[in-house]
Amino acid sequence: MAKQTLERKLKSRHIQLIAIGGAIGTGLFLGSGKAIHLAGPSILFAYLIIGSALFFVMRALGELLLSHSGNTTFTDIAVTYLGPWAGFITGWTYWFCWIMTAIADITAVGKYIQFWFNVPQWIPAFLCLIILTILNLLTVRLFGEIEFWFALIKVITIIALILLGLLMLLLGFQSDTGQASVQNLWIHGGLFPNGIHGFFLGFQMAVFSFVGIELVGVTAAETADPEKNLPRAINSLPVRVLLFYIGALFVILCIIPWTDLSADSSPFVRVFSLVGIPAAAGIINFVVLTAAASACNSGLFSTSRMLYALGREGQAPKRFTRLEKSSVPGTALISSSLALSAGVVLNYFLPDSVFTLVTSISAICFIWVWGVILVSHLIYLKRRPDLAAASKFKAPLSPWINWVILAFFIFLLVLIGLAADTRVALFVTPVWFLILALAYLIRVRKLQTNE
């Protein structure tokens with residue numbers, strides 16, 4: 001019987017929109033409210049700095065994936081250049097990253113549903129998880145289609161927001177918050193109204209806004225013509241950052257003074273509610289709801305593929321490599337869905353604090369993953385100069401930019417420890433790495449005993 005493998009059913013349009021969808025998540029639609037509350041207009045600079053750093057991370061990942069035809073994820077790369085321990089810890093950490101991120105996403109779904117219905121937020125969170133699990137079990141092509149349309153809705157919404165905002169600026173739109181004007185960026189305490197301390201506090205949620213940006217790399221094994229489609233998706237990152245993050249937040253801050261934005265609600269919904277069309281706020285709430293569902297959809301996809309890869313490499317039970325007739329790793333998907341159900345429990349017991357907690361943990365773990373990509377790239381440049389010389393998709397400004405960004409990541413971890421509500425995650429997350437280290441040592445000892 002022929003060996004079942006993941007199939008390359010994701011087309012160019014799927015990859016392009018998955019790349020865009022990975023860069024537009026719950027962190028932007030919901031979390032940006034808190035980020036603006038902390039940093040004021042200076043949050044624009046935070047998004048620009050983080051987006052620029054992650055562009056170089058993605059270029060390094062792109063070069064590594066395309067230089068090694070046998071490597072389909074960054075865990076393969078970590079094993080190649082850092083050793084089996086790095087693949088084990090990074091693979092499981094990436095799985096954990098997306099579990100935490102997806103918990104934040106279903107939490108957002110619960111909050112958005114409360115716009116229409118007065119129900120406990122754990123109920124819509126649970127229903128969202130069940131529906132997306134069923135859809136992901138069907139076929140990878142269906143995942144691509146779902147994510148394509150989800151991402152397209154997000155793109156259209158942000159473009160509509162920017163165009164509407166520019167029109168409101170040109171017309172000098174007047175609302176209960178005042179007149180729409182570029183001056184709103186600085187007349188309410190300046191660009192840095194809460195000082196450099198407030199600017200730095202905004203980085204945690206800004207980092208979370210970008211989690212999933214590396215998802216396009218996880219799709220490499222199921223991507224048709226990766227040599228063409230992956231570079232195209234990665235190179236469009238700067239445009240996405242400028243348009244979807246800087247452009248959207250610039251317009252929002254010009255229309256509504258940052259002092260009038262809530263830390264607990266979506267600024268996108270607030271802007272459209274000012275238009276005066278009764279259904280506008282409800283429509284945009286539906287859009288940000290689909291954005292949260294889209295991010296959770298990506299989370300289920302990436303966690304199941306990571307468990308599949310770990311099982312294939314012998315770093316997780318072999319049952320995770322079992323594929324359904326649709327070539328979907330069903331056991332891995334169901335297992336990830338069960339782990340994600342912990343988010344439903346958290347939404348039941350901690351409805352007010354769960355979002356900040358899991359986004360902080362997610363940001364810390366993603367920094368680890370991004371750091372491993374950069375370190376692997378540094379070793380690749382030193383150990384395999386032949387591959388680096390032959391690469392058709394060289395990472396720019398390497399190797400020195402790798403060191404600069406690694407130092408920046410360490411700085412981000414320090415910043416997460418500054419605020420009381422995010423500091424908890426900085427102390428809790430090392431427990432995860434300790435558990436992984438012990439699990440790896442037990443695994444190695446078991447292998448040695450069997451030999």
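Residues numbered from 1 in each chain as written. Predicted model: local features only at pLDDT ≥ 70, side-chain atom pairs only at ≥ 80, totals over all residues. Heavy atoms only, no water.

1. Points about the packing of aromatic side chains
Tallied over the full model, the rule gives 25 aromatic pairs. Taking 5.3 Å as the distance between ring centres and 75 degrees as the angle between the ring planes, the aromatic pair formed by Phe192 and Phe199 counts as edge-to-face. The class of Phe192 is partly exposed, set by a relative accessible area of 38%. According to the relative accessible area criterion, Phe199 is buried, its value standing at 6%. Here a set of aromatic residues connected by ring pairs shows up, and it is made of Phe45, Tyr94, Trp98, Phe192, Phe199, Phe200, Phe203, Phe366, Trp370, Phe408, Phe409 and Phe411. Here the basic side chain of Arg59 rests over the ring of Phe393, its NZ or CZ set 4.1 Å away from the ring centre. (Phe/Tyr/Trp six-rings, centres within 6.5 Å; stacked < 30°, edge-to-face > 60°. Buried < 20%, exposed > 50% of the residue type's maximum accessible area, 1.4 Å probe, protein only. Lys NZ or Arg CZ within 6 Å of the ring centre and 35° of its normal.)

2. Notes on a nonpolar patch on the surface
A surface patch of nonpolar side chains, about 700 Å² in accessible area, is lined by Phe45, Ile49, Val182, Trp186, Ile187, Leu191, Phe192 and Ile196. Counting through the fold element by element, Leu191 comes out in the loop between β2 (178-179) and α9 (195-201). (Patch = residues over 30% accessible without salt bridge, like charges linked within 9 Å, V, L, I, M, F, W, Y side chains within 5 Å. Areas by Shrake-Rupley, 256 points an atom, 1.4 Å probe, with all protein chains shown as cover. Salt bridge = Lys/Arg side-chain N within 4 Å of Asp/Glu carboxyl O. Helix = DSSP H or I, 4+ residues; strand = E, 2+ residues; numbered from the N terminus.)

3. Structural notes on helix α16 (residues 330-340)
When α16 is considered as a whole, its buried residues turn out to be Gly330, Thr331, Ala332, Leu333, Ser336, Ser337 and Leu340. Of the surrounding secondary structure, the elements contacted by the buried residues of α16 are α6 (84-113), α7 (122-138), α15 (280-312) and α17 (342-349). (Contact = heavy atoms within 4.5 Å.)

4. Side note on the state of the cysteines
For the structure shown, the criterion picks out 0 disulfides. No disulfide involves Cys97; its nearest neighbouring cysteine sulfur is the one of Cys365, lying 4.5 Å away. The buried category is assigned to Cys97, whose relative accessible area is 0%. (Disulfide = S-S within 2.5 Å.)

5. Concerning the pattern of salt bridges
Evaluation of the coordinates by the stated rule reveals 2 salt bridges. Here Arg384 ties to Asp386 by a salt bridge, and the two come within 2.9 Å at their closest N and O atoms.

6. With respect to unusual backbone geometry
Here the residue pair Ser398 and Pro399 is connected by a cis peptide bond, since its omega of 10 degrees sits within 30 degrees of zero. Tracing the backbone shows Pro399 in the loop between α19 (385-390) and α20 (400-416). Positioned with a positive phi, Leu397 is a non-glycine residue whose angle comes to about 65 degrees. Looking at Leu397, the relative accessible area reads 43%, which means it is partly exposed.

7. Brief notes about the nonpolar core
A general trend in soluble globular proteins is that nonpolar side chains are found buried together. By size, the foremost hydrophobic cluster in this structure holds 137 residues, and its most contacted members are Ile43, Tyr47, Trp92, Phe268, Leu340, Trp370 and Phe409. When residues of this core are assigned to their parent elements, the largest contribution, 18 residues, is made by α6. Contacts of Trp92, omitting those with residues within four sequence positions, involve Leu307, Leu310, Gln315, Ala316, Phe320, Trp432 and Leu436. (Core = buried A, V, L, I, M, F, W, Y, C linked by side-chain atoms within 4.5 Å.)

8. Some details on the packing of helix α18 (residues 354-383) against α20
Between α18 and α20, the shortest axis-to-axis distance is 10 Å and the interhelical angle comes to 165 degrees. By the angle between their directions, the pair α18 and α20 is classed as roughly antiparallel. Considering the relative orientation of α18 and α20, their crossing is left-handed. Side by side, α18 and α20 meet where Ala363, Ile364, Ile367, Trp370, Gly371, Leu374, Val375, His377 and Leu378 of the first sit next to Asn402, Trp403, Ile405, Leu406, Phe409, Leu412, Leu413 and Ile416 of the second. (Axes fitted to C-alpha atoms, helices over the stretch in contact; angles between N-to-C directions. Parallel < 35°, antiparallel > 145°, perpendicular 65-115°, else oblique. Left-handed = near helix turned anticlockwise from the far one by under 90°.)

9. What about the side chain of Lys34?
When you line up the elements, Lys34 lands in helix α3 (residues 31-39). Apart from the residues within four sequence positions on either side, Lys34 is in contact with Gln204, Met205, Ala263, Thr356 and Asp421.

10. Focus on the environment of Glu147
Tracing the backbone shows Glu147 in helix α8 (residues 140-171). Of the residues examined, Glu147 reaches a relative accessible area of 0% and is grouped as buried. Along the chain, Glu147 and Ser294 lie 147 residues apart, while their C-alpha atoms are 6.2 Å from each other.

11. A word on the side chain of Ser32
As for its position among the elements, Ser32 is in helix α3. Setting aside residues no more than four positions away along its own chain, Ser32 makes contact with Gly27, Tyr47, Met205, Leu249, Pro267 and Phe268.

12. Side note on the packing of helix α5 (residues 74-82) against α18
Between α5 and α18, the shortest axis-to-axis distance is 9 Å and the interhelical angle comes to 50 degrees. Put simply, α5 runs oblique to α18. Judged by the twist between their axes, the crossing of α5 over α18 is left-handed. In this structure, α5 uses Phe74, Ile77, Ala78, Thr80, Tyr81 and Leu82 to contact α18, whose residues at the interface are Val369, Val372, Ile373, Val375, Ser376, Ile379, Tyr380 and Arg383. Looking at the contact of α5 with α18 residue by residue, the classes come out as 11 nonpolar, 2 polar and 1 charged. (Nonpolar A, V, L, I, M, F, W, Y, C, P; charged D, E, K, R; others polar.)

Remember that the coordinates give geometry; whether it matters functionally is a separate question.
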